[in-house]
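What follows is each chain in one-letter form.
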Amino acid sequence: MKLEDLYRQVIMDHYKNPRNKGLVEADGYQTVHLHNPSCGDDMTIEVKVEGNIIKDVRQAGTGCSICCSSASVMTEELIGKTVAEANKTIQNFYQMIQGNDLTDEEIEELGEAMAYKGVSQFPARIKCATLAWKAAEKALKEADEDEK
Ligand code: ZN
């Protein structure tokens, strides 16, 4: 199987069977809502941080397959990480999506999120792929400020 086909399968799988979908609206969650007017994507992310570990990430949104599937992949990649590790993963995702090279270690670390590598060739879709990640980044920042 070609790598591109594998990537396409990952995206379609997460689009059809989204992980961690639906908001819990419970105490201890930071909620961030972001909108991508260029495509119409709308995304809300909830993040729960306890003792500097990401305990839970929830996503709920509407939009294109790139945006919705990317939100699903993001939740799986961030849950269980420390805030610092998660922020690094998010930054690496931005680097990849802009077409920048990553080290083997960074590629390994991104896991299924590598499926969006091809998006770098379609600048108009970069906002779709990064919307949920931007919301998570903001939620983590707010969670961090709350703990101080
Ligand atoms: Zn979109």
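Placed above this text is the structure.
The written sequence of each chain sets the order in which its residues are numbered from 1. Per-residue local features of the predicted model are confined to residues with pLDDT of at least 70, and side-chain atom pairs are confined, for both listing and counting, to 80 or more; whole-chain, interface and lining totals are unaffected and use all residues. As a rule here, side-chain values come from all non-hydrogen atoms in the structure, and water together with hydrogens is ignored.

Draft legend 1. Spotlight on the sheet that holds strand E1 (residues 29-36). Spatially, E1-E2-E3 is the arrangement adopted by the three strands of the open sheet, whose pairing is antiparallel. Among the strands making up the open sheet, the edge pair consists of E1 and strand E3 (53-62). If you compare each strand with its neighbour and ignore which way they point, the axes differ by 15 degrees on average. DSSP-based pairing: two strands are paired if at least 2 bridges between them are found. Elements are defined by DSSP. Helices are runs of H or I of four residues or more, strands are runs of E of two residues or more, and each kind is numbered from the N terminus. Sheet topology places strand E2 (residues 41-50) next to E3; nine bridges connect them, and they run antiparallel. Think of each axis as a best-fit line through the C-alpha atoms, taken over the contacting stretch in the case of a helix, with angles from 0 to 180 degrees between the N-to-C directions.

Draft legend 2. Seen up close, the side chain of Arg58. Mapped onto the secondary structure, Arg58 falls in strand E3. Here the term buried applies to any residue with accessible area under 20% of the maximum for its type, exposed to any over 50%, and partly exposed to those in between, with areas from a 1.4 Å probe on protein chains only. In this charge count, Lys and Arg are treated as positive and Asp and Glu as negative; neither His nor the chain ends contribute. Whenever Lys or Arg places a side-chain nitrogen within 4 Å of a carboxyl oxygen from Asp or Glu, that contact is recorded as a salt bridge. No salt bridge is formed by the buried Arg58, whose closest oppositely charged neighbour, Asp56, lies at an N-O distance of 4.8 Å. In protein, a polar contact requires one atom able to donate a hydrogen and another able to accept it; more generally it is a pair of N or O atoms within 3.5 Å, and residues adjacent in sequence count only if both atoms are side-chain atoms. A polar contact is formed between the side chain of Arg58 and the backbone oxygen of Lys21, at a distance of 2.6 Å. Contacts are assigned to residue pairs that have any heavy atoms within 4.5 Å of one another. Residues in contact with Arg58, not counting those within four places in the same chain, are Asn20, Lys21, Gly22, Val24, Tyr29, Thr44, Ile45 and Glu46.

Draft legend 3. Here's a closer look at the coordination of the zinc ion. Note on the zinc ion: its protein donors are Cys39 (SG), Asp41 (OD), Asp41 (OD), Cys64 (SG) and Cys128 (SG). The metal-donor distances range over 2.1 to 2.7 Å. Only N, O and S atoms count as donors, using a 2.8 Å limit from the metal and a wider 3.2 Å limit for Na, K and Ca, and since water is excluded some coordination spheres may look unfilled. Donor residues binding the zinc ion come from one chain and are separated in sequence as C-x1-D-x22-C-x63-C. With Cys64 in the loop between E3 and helix H2 (65-78) and Cys128 in helix H5 (residues 123-147), this pair connects stretches of sequence that are 64 residues apart. Classification of Cys64 as buried rests on a relative accessible area of 15%.

Draft legend 4. Summary view of unusual backbone geometry. Even without being glycine, Glu25 reaches a positive phi, approximately 50 degrees. Position of Glu25 relative to the elements: it lies in the loop between helix H1 (3-16) and E1. Its relative accessible area of 67% is what places Glu25 among the exposed residues. If you check the backbone angles, Asn52 has positive phi at about 70 degrees while not being a glycine. For Asn52, a relative accessible area of 37% gives the class partly exposed.

Draft legend 5. Expanded view of the pattern of salt bridges. Tallied over the entire structure, the rule returns six salt bridges. The partner of Asp5 in a salt bridge is Arg8, with the nearest N and O atoms 3.1 Å apart. Taken as a pair, Asp5 and Arg8 lie in helix H1 at a separation of three residues, close to a single helical turn. Where salt bridges share partners, they join Asp13, Arg19 and Glu76 into one cluster.

Draft legend 6. Local environment of the layout of surface pockets. By volume, the largest pocket amounts to about 470 Å³. Secondary structure elements with two or more residues in the lining of the largest pocket: H1 and H2. A per-element tally of the lining of the largest pocket places H1 first, with six residues. A per-class count over the lining of the largest pocket returns ten nonpolar, five polar and four charged. Put plainly, a pocket is an open set of points on a 1 Å grid over the protein atoms alone with protein on both sides within 12 Å along at least five of seven lines, a cavity is a set where a 1.4 Å probe fits but cannot get out, and a lining residue has an atom within 4 Å of a point. Grid points are joined across faces, edges and corners, and a volume is the space filled by probe spheres set on the points. Each residue is assigned to one class: nonpolar for Ala, Val, Leu, Ile, Met, Phe, Trp, Tyr, Cys and Pro, charged for Asp, Glu, Lys and Arg, and polar for all the others, Gly among them.

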